[in-house]
Amino acid sequence: MTAGAAALRRELFGTQVHAVGMAGALAWVRARVRERRPGYVVTLNGALLVQAAHDAVLRELVNDAGLVTPDGVGVLVAARILGVRLPERVAGIDLAIALCGEAEREGYRVFLLGGEPGVAARAADALRARHPGLLIAGVRHGYFAPEEEPAVVEAIRQARPDVLLVALGAPRQERWMQRWLPVLRVPVAIGVGGSLDVLAGRVPRAPAWMQRVGLEWLWRAAREPRRWAVVRTIPPLFFMALRERLRRGRLDSSPQA
Ligand code: UDP
């Protein structure tokens with residue numbers, strides 16, 4: 001699958017995304033852990049896609065990732081408008097949960113980084129309750145100053161995880177992974193946003209039916225009003241996709257010189 005990731009690479013407005021579902025994402029992680037070849041995973045939602053389309057530095061953060069999963073209906077709908085086939089939504093929280101099941105079976109060591117003090121430890125307890133054989137290599141909260149980063153990195157290196165869940169929020173977690181993964185000696189790091197808050201039981205997840213019909217964003221925005229700022233980026237995403245599609249259509253139908 002690692003070699004296959006290149007074949008599954010697609011682009012939306014110059015930003016990469018891979019045409020993988022959950023099974024493909026897990027296969028990518030397995031291959032990287034086996035090869036001990038470092039790579040990070042971005043779970044791309046519509047807000048991050050819009051930002052990346054306008055910001056070359058952010059775009060590079062996403063394009064440097066070994067795997068980018070489509071997280072969010074905004075990305076799936078924009079892809080559909082652009083004629084890019086993506087199999088399913090692979091949200092950070094679902095990937096984190098599935099990965100911990102895999103880690104228990106395969107004996108991977110998992111490190112949890114991020115959230116307010118105490119949150120990662122509570123998330124670790126919840127994960128261990130669900131997967132009694134899971135090896136938690138360590139936990140660390142996500143509120144540290146830039147000058148503390150080398151110490152955080154050293155603590156993670158000492159813990160020797162196979163998989164690092166980085167829950168610092170986007171795009172800080174992507175910046176952090178790009179900067180530090182080369183020295184961490186960890187094969188796989190995954191940016192999982194607010195997932196530790198959900199695992200720790202601090203923030204409830206949307207009801208399953210809302211997740212199924214693609215309305216998880218509405219649930220989150222209703223609970224946390226600051227998220228309306230994120231929701232407001234989605235209509236422009238559709239207009240961008242429609243404009244791009246119309247532009248391509250015009251190019252296709254323009255007379256050949
Ligand atoms: N966070 C952190 N350090 C920071 C800022 C944020 O660990 O300096 C954590 C925060 O506690 C929360 C997560 O990052 O657990 C961000 O969650 P959010 O749901 O906002 O992320 P998103 O899913 O929108 O990227």
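One can find the structure itself at the top, above this paragraph.
The present account deals with the structure reproduced in this document. Bear in mind the structure is a predicted one, so any value in this text is a computation, not a measurement.

The rules we used
Residues numbered from 1 in each chain as written. Predicted model: local features only at pLDDT ≥ 70, side-chain atom pairs only at ≥ 80, totals over all residues. Heavy atoms only, no water. Helix = DSSP H or I, 4+ residues; strand = E, 2+ residues; numbered from the N terminus. Rg over C-alpha atoms; globule rule 2.2 N^0.38 Å. Buried < 20%, exposed > 50% of the residue type's maximum accessible area, 1.4 Å probe, protein only. Contact = heavy atoms within 4.5 Å. Areas by Shrake-Rupley, 256 points an atom, 1.4 Å probe, with all protein chains shown as cover. Axes fitted to C-alpha atoms, helices over the stretch in contact; angles between N-to-C directions. Parallel < 35°, antiparallel > 145°, perpendicular 65-115°, else oblique. Left-handed = near helix turned anticlockwise from the far one by under 90°. Nonpolar A, V, L, I, M, F, W, Y, C, P; charged D, E, K, R; others polar. Core = buried A, V, L, I, M, F, W, Y, C linked by side-chain atoms within 4.5 Å. Expected span 1.5 Å × (residues − 1). Bend = angle between axes of the 7 residues up to and from the residue. Patch = residues over 30% accessible without salt bridge, like charges linked within 9 Å, V, L, I, M, F, W, Y side chains within 5 Å. Salt bridge = Lys/Arg side-chain N within 4 Å of Asp/Glu carboxyl O. Near = heavy atom within 4 Å. Polar contact = N/O pair within 3.5 Å; in protein donor to acceptor, adjacent residues only side chain to side chain.

**Side note on the overall build of the protein chain**
Line of reasoning, step 1. From N to C terminus, the protein chain includes 14 helices and eight strands.
Line of reasoning, step 2. The C-alpha radius of gyration computed for the protein chain amounts to 18 Å, which stays within 12% of the reference 18 Å derived for 257 residues, consistent with globular compactness.
Line of reasoning, step 3. Taking the principal axes of the C-alpha coordinates as reference, the protein chain spans close to 60 × 40 × 35 Å.
Line of reasoning, step 4. By the burial criterion, 48% of the 257 residues in the protein chain qualify as buried.
Line of reasoning, step 5. For the protein chain, contacts bridging at least 24 residues in sequence account for 75% of all contacts bridging at least 6.
Line of reasoning, step 6. A total of about 12,400 Å² of accessible surface is found on the protein chain, and carbon and sulfur atoms cover 55% of it.

**A closer look at the packing of helix H2 (residues 22-35) against helix H6 (residues 92-106)**
Relative placement of two packed helices is described by the angle separating their axes and the distance separating the axes.
Line of reasoning, step 1. Packing of H2 against H6 leaves a shortest axis separation of 11 Å and a crossing angle of 50°. Here H2 is positioned oblique relative to H6, judged by the angle of their axes. H2 and H6 meet at a crossing whose hand is right-handed. Residues Met22, Ala25, Leu26, Val29 and Arg30 of H2 pack against Asp94, Leu95, Ala98, Leu99, Glu102 and Glu106 of H6.
Line of reasoning, step 2. Considering only residue class, the contact of H2 with H6 consists of seven nonpolar, no polar and four charged.

**Here's the deal with the side chain of threonine 15**
Line of reasoning, step 1. Its location among the elements puts threonine 15 in strand S2 (residues 15-18).
Line of reasoning, step 2. Discounting residues that sit within four places of it in the chain, threonine 15 has contacts with Arg10, Leu44, Leu49, Ala52, Ala53, Arg59, Val62 and Asn63.

**Brief notes about the nonpolar core**
Line of reasoning, step 1. In terms of nonpolar packing, the biggest core is built from 41 residues, with Leu113, Ile156, Leu164, Trp176 and Leu184 touching the most fellow members.
Line of reasoning, step 2. Among the elements that make up this core, the one with the highest residue count is helix H9 (residues 172-184) (five residues).
Line of reasoning, step 3. Not counting chain neighbours up to four residues away, the residues in contact with leucine 113 comprise Arg140, His141, Phe144, Val152, Ile156, Leu164, Leu165, Val166, Ala167, Trp176 and Leu196.
Line of reasoning, step 4. Counting 37 residues, the second largest nonpolar core, distinct from the first, contains Val20, Leu112, Ala124 and Leu127.

**Thoughts on H9**
Line of reasoning, step 1. Helix length check: H9 (13 residues) gives 17 Å between terminal C-alpha atoms against 18 Å at 1.5 Å per residue, within 8%.
Line of reasoning, step 2. Its axis deflected by about 35° at glutamine 178, H9 carries its strongest bend there, up to four residues before the proline proline 182.
Line of reasoning, step 3. The complete set of buried residues in H9 reads Gln173, Glu174, Trp176, Met177, Trp180, Leu181 and Leu184.

**With respect to a nonpolar patch on the surface**
Line of reasoning, step 1. A cluster of nonpolar side chains, Trp217, Leu218 and Trp228, forms an exposed patch at the surface whose accessible area comes to about 270 Å².
Line of reasoning, step 2. Its location among the elements puts leucine 218 in helix H12 (residues 216-223).

**Topic: the site of the ligand**
Line of reasoning, step 1. Close to the ligand lie 16 residues; Gly115, Gly142, Arg172, Asp197 and Arg227 are nearest.
Line of reasoning, step 2. Within the backbone of glycine 142, a nitrogen or oxygen atom sits 2.7 Å from a nitrogen atom of the ligand.
Line of reasoning, step 3. When grouped by side-chain class, the residues that make up the shell around the ligand number four nonpolar, six polar and six charged.

**A few points about the environment of alanine 200**
Line of reasoning, step 1. Mapped onto the fold, alanine 200 is located in the loop between helix H10 (195-199) and helix H11 (208-212).
Line of reasoning, step 2. You can call alanine 200 buried: its relative accessible area is 16%.
Line of reasoning, step 3. Along the chain, alanine 200 and alanine 126 lie 74 residues apart, while their C-alpha atoms are 6.4 Å from each other.
Line of reasoning, step 4. Excluding its chain neighbours within four sequence positions, the residues that come into contact with alanine 200 are Val119, Arg122 and Ala123.

**A closer look at the pattern of salt bridges**
Line of reasoning, step 1. Inspection of every chain in the model, using the stated rule, returns 18 salt bridges.
Line of reasoning, step 2. With a closest N to O distance of 3.2 Å, glutamate 102 and arginine 105 form a salt bridge. Of this pair, glutamate 102 and arginine 105 both sit in helix H6, three residues apart, which is roughly one turn of that helix.
Line of reasoning, step 3. The exposure class of glutamate 102 is buried, given its relative accessible area of 4%.
Line of reasoning, step 4. Salt bridges sharing common partners tie together Asp71, Arg89, Asp94, Arg205 and Glu216.

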